[in-house]
Amino acid sequence: MITPLDRTPGFGIYLHWPFCAAKCPYCDFNSHVRHQPVDQERFAAAFERELATMRARTGPRTVTSIFLGGGTPSLMEPRTVEALLDAVASNWSVPDGIEVTLEANPSSVEADRFRGYRAAGVNRVSLGVQALNDRDLKFLGRLHNVEEALKAIGLARETFPRLSFDLIYARPGQSEEAWAEELRQAIGHAADHLSLYQLTIEEGTRFQLLHAAGKLDMPDGDHAARLYEITQEVTAAHGLPAYEISNHARPGAESRHNLVYWRYGEYVGVGPGAHGRFIENGRRHVTFTEKMPETWLERVETKGHGVIGGEVLTHDEEADEFLLMGLRLVEGIDLPRYEALSGRALSNSRIAVLQEEGLVEPIGNTRLRATPQGMIVLDAVVADLARE
Amino acid sequence: MTNTPLSHIRNFSIVAHIDHGKSTLADRLIQMTGSLADREMKDQILDSMDIERERGITIKAQTVRLEYDARNGEHYVLNLIDTPGHVDFAYEVSRSLSACEGSLLVVDASQGVEAQTLANVYQAIDNDHEIVTVLNKVDLPAADTERVKEQIEEVIGLDASDAIPISAKTGVGIDDVLEAIVTRLPAPEGGDREAPLKALLVDSWYDAYLGVIVLVRVIDGKLKKGQTIRMMGTDAKYPVDRVGVMTPKMVMVDELGPGEIGFITASIKEVADTRVGDTITEDKRQTTSPLPGFKPAQPVVFCGLFPVDAADFEDLRAAMGKLRLNDASFSFEMETSAALGFGFRCGFLGLLHLEIIQERLEREFNLDLIATAPSVVYRMNLTSGDQVELHNPADMPDIVRIDTIEEPWIKATILTPDDYLGPILKLCQDRRGIQTDLSYVGKRAMVTYELPLNEVVFDFYDRLKSITKGYASFDYQIIGYREGDLVKMSVLVNEEPVDALSMLVHRQAAEKRGRAMCEKLKELIPRHMFKIPIQAAIGGKVVARETISAMRKDVTAKCYGGDVTRKRKLLEKQKEGKKRMRQFGKVEIPQEAFIQALKMSD
């Protein structure tokens, strides 16, 4: 169980490895396919430089979690991972035992590197399993099959203290029964954490083109809602309740790093196309870096960082982001913190209306959260609450 | 330049259906008589407002003085008063016609006689005009001059044997038109140069530099700069600052004599200080026989105009004030609506007038407006014996206080290719119409109906256009008030009445209209987090109902650090969007929904 003491938002380090073996048709993350081998040493050196530059901006801090995301970080050699983690530790205080996650693809080639990652200091992997049937894996553009995925899960469970894997549901043609069955099967293989995302059509992806051409038969709102509800029911029944819209964990096994985002903590983003948000000179700063890996690399090598933009957030913007992220959590938000950020309280009359509709509920006197019914329409709830 | 003998003056106007080429002909006449240098020519000179040029309509009467050397070697002054063609502006037409002795009737040689042709030519005949018929667009392959001549004779009853074939576009026949103006239209009658001044106030408008400009037609006497004039109707006197003519540029002259048309300025502050049709005379030597004058135009259609952004309210007030400077027939008074906030209840001469005013406010003053459903002026006969006029359904007195309700009726004339006659008759019948005449000329039918105006303001014209693919023409005049079985229909969204959507409808049409409104709102109001009933009700009785079901799913599946900026921007947009929504209890209705729901067409 998360104790109130654990609710400190934290200070995380995010490292973005932008390369993938292939581009998945649903993914709009910053990922690039390279047919020439990537000079990992050179990139690692650039990560080290950018980390040092960020350190100069944040000052000395204690890191609460590290996350290697992508792209496909499991395309990194273990020694590259080690170099990156060492660089983090040389800039900030990194206590022993903090959560260090690496995103990995469950292909056999990558699984072979698991031991090396563990030795480098990774203590949690997040596997992009995405589906437990080969037909859908192919549809989702994945390079692995179910057999490989299950093997990778097994190996990861042996290798790492903590493991999560992702599934994508609400796929075209997916029935309620089929999903419930697949989910039960997944839970059978799961350790302590699952990320279960509804398939959404993102701008600039291949699926968007197909969708626009009418070639993707996406589930309608009612069906998608049903699938979401089933997800909540099945996971809760198996001891992996949702703690965020799409994330499920055995109590106490929540992803510490992702909680940094949702609790609106601070995070440093390093690597091509990484975003960061941290306090500098008393104000919350946004940073984002050049997305093209090679361009980012050159910038870092000449300037010491690849940051191409950012801003100081206004108090209203901070309050909006806090609300957007915080209400995604089952633990809800701390109302005094909202007031401290925005300088005003949430409208009591709006809360009352939403409460009457069963969409939000207070927890004690100082917290507010979305109910399960509220979660499913959370974007509308947030838009309603965020108004001046 | 103004000592033209009466015998060498011709005052005329041009009457035509929209698009039959009235303005193009005017351009040609100006060009041929050399009133403007070529470089000053632009299309449709007399339609000076952008909106007039774009829509091909004339809103304000305009005048131009043409200097013409006729084939007999003599010099003539031809004054053209260009008149609006649309029924909404019939009032402006009639007063302009009264300043002339003759008219050119322009008929499109391929289209033939249309509804406005009729309405306008009858007005000209009523004003004892001599008519010269002109067949325009004879260069078009579809032109059929013989058929159209026959039609003119049969439908209008004018001798069309000497109709002049022209093409205003190419210039063919324009010289014949000029010659016919001189030879076939009469010179102004009477006109005693030495008699006391008697002049007709034809029109007036506001000019930012010169103040109020008054267009006049001199009957007797002389109008000179420095003279003190008296408006006999308003009994106000003014010293004349300037006297001039429009060529169509303003050219100052020393004086205007009998039969002449020109303008004066006289330190008049507002257009409202001038009364069209008034008699202008000389203060110290007044005429003993003032002109009969005109009845002022009464607004017949009302609607509420509200700023989309409440902060624009004062700007809207100022803009309306400015438009009214030039258009005394447009009226407005402040109105408050729970749905739309502060705005104005406005009166118009008709639907086109409404559209034009709205468009000018939006375009010339850069305002975003919401217009409520147009309504006519109802007369409420109260049980107390009093009669009150109702301009806004929201102000309807308590039903128990009302004895009877009267509504305005019109006589509508529709000309159409006979293929469309069936659907037109059905449309008129559905709108409580009473057929009074039906006749054929060749393959065209002319049908006249008596119709309640409130049925016409609600999308009648759009329906007519769509069922006839735009081939039918339509014109109407008000014929008086009749008692009707009318009820107030309210619209309730989530049990809350929405005042801006209430309307007076005929009892038999109420259910259908209510259903249509509910269906429309169901489409227009976005799903909320809860379900929303939409009801149309008469009194306490619900006559139509729809339900907007609750939104099922609206949540971003994946949301991490990098996404936050994008999500925040999205949220900001949503918040911005909510500013354009109106709150009804728990329900937010986008203003766009009002605009769409209130559109006359469906």
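Residues numbered from 1 in each chain as written. Chains lettered and ligands numbered in written order. Predicted model: local features only at pLDDT ≥ 70, side-chain atom pairs only at ≥ 80, totals over all residues. Heavy atoms only, no water.

Going by what an unreviewed UniProt entry lists, chain B is known as Elongation factor 4 and is assigned to Nitratireductor aquimarinus. Among the UniProt annotations of chain B, the heading Subcellular location (unreviewed entry) holds the following wording: "Cell membrane". Word for word, the UniProt comment on chain B under Sequence similarities (unreviewed entry) is "Belongs to the TRAFAC class translation factor GTPase superfamily. Classic translation factor GTPase family. LepA subfamily." (UniProt positions renumbered as here; feature names shortened; annotations may be inferred.)

### Overview of the sheet that holds strand β1 (residues 9-16) of chain B
Residues and elements named next belong to chain B. Pairing is mixed across the open sheet formed by six strands, whose spatial order is β2-β3-β1-β4-β5-β6. The strands lining the two open edges of the sheet, one partner per strand, are β2 (62-69) and β6 (164-165). Direction of pairing for β1 relative to strand β3 (residues 75-82): parallel, over a ladder of six bridges. Of the residues in β3, the one forming a bridge with F12 is L80. (Pairing = 2+ DSSP bridges. Helix = DSSP H or I, 4+ residues; strand = E, 2+ residues; numbered from the N terminus.)

### Re the pattern of salt bridges
Across all of its chains, the model carries 61 salt bridges over all chains by this definition. Taking the shortest distance from any N to any O, the salt bridge between B:E407 and B:R432 comes out at 2.7 Å. Here B:E407 is found in strand β24 (residues 402-417), whereas its partner B:R432 is found in the loop between α9 (421-430) and β25 (434-441), with 25 residues between them in sequence. Here B:E407 matches B:R432 in class, with each residue buried. Of the charged contacts in the structure, one is a salt bridge between B:E450 and B:R482, with a shortest N-O distance of 2.7 Å. Of this pair, B:E450 sits in strand β26 (residues 444-452) while B:R482 sits in strand β27 (residues 473-484), placing them 32 residues apart in sequence. For B:R482, a relative accessible area of 28% corresponds to the partly exposed category. Three or more residues joined by partner-sharing salt bridges are found here, namely A:R277, A:E311, A:E317, A:E321, B:R568 and B:E572. (Salt bridge = Lys/Arg side-chain N within 4 Å of Asp/Glu carboxyl O. Buried < 20%, exposed > 50% of the residue type's maximum accessible area, 1.4 Å probe, protein only.)

### Section: the UniProt feature "binding site: GTP" (unreviewed entry) in chain B
All names here are of chain B. Listed under "binding site: GTP" (unreviewed entry) in the UniProt record, and renumbered for this structure, are D19, H20, G21, K22, S23, T24, N136, K137, V138 and D139. By the secondary structure assignment, K22 is in helix α1 (residues 22-32). You can see S23 is positioned in helix α1. For S23, a relative accessible area of 12% gives the class buried.

### Regarding the sheet that holds strand β17 (residues 367-370) of chain A
Residues and elements named next belong to chain A. Within the open sheet, the three strands sit side by side as β15-β17-β16. Their pairing is antiparallel. The open sheet has two free edges, formed respectively by β15 (333-334) and β16 (360-363), since each of these has just one partner strand. Sheet topology note: the β15/β17 ladder contains two bridges and is antiparallel. Across the sheet, the residue bridging to I333 is L368, located in β17.

### Considerations on the environment of B:C559
If you trace the backbone, B:C559 turns up in the loop between β32 (541-548) and α13 (564-579). Each residue touching B:C559, except ones within four places of it in the same chain, is listed here: A:W262, A:M325, A:R328 and B:K567. (Contact = heavy atoms within 4.5 Å.)

### Brief notes about helix α16 (residues 378-385) of chain A
With eight of eight residues buried, α16(A) lies mostly within the body of the structure. For α16(A), the set of buried residues is A:L378, A:D379, A:A380, A:V381, A:V382, A:A383, A:D384 and A:L385.

### Some words on the nonpolar core
Membership of the largest hydrophobic core comes to 145 residues, with the highest contact counts inside it found for A:I13, A:L15, A:V122, A:L127 and B:F594. Contact partners of A:I13, with chain neighbours within four places excluded, come to A:L51, A:V63, A:S65, A:I66, A:F67, A:V88, A:W92, A:H257 and A:V268. (Core = buried A, V, L, I, M, F, W, Y, C linked by side-chain atoms within 4.5 Å.)

### Some points on the environment of B:R444
Residue and element names in this part refer to chain B. Summarising the element assignment, R444 is placed in strand β26. C-alpha of R444 to C-alpha of L415: the two residues are 29 residues apart in sequence and 6.9 Å apart in space. When sequence neighbours within four positions are dropped, the list of residues in contact with R444 reads Q111, V113, E114, Q151, L415, T416, P417, D418, S439, Y471 and S473. Only 2.8 Å separates the side chain of R444 from the side chain of E114, close enough to count as a polar contact. (Polar contact = N/O pair within 3.5 Å; in protein donor to acceptor, adjacent residues only side chain to side chain.)

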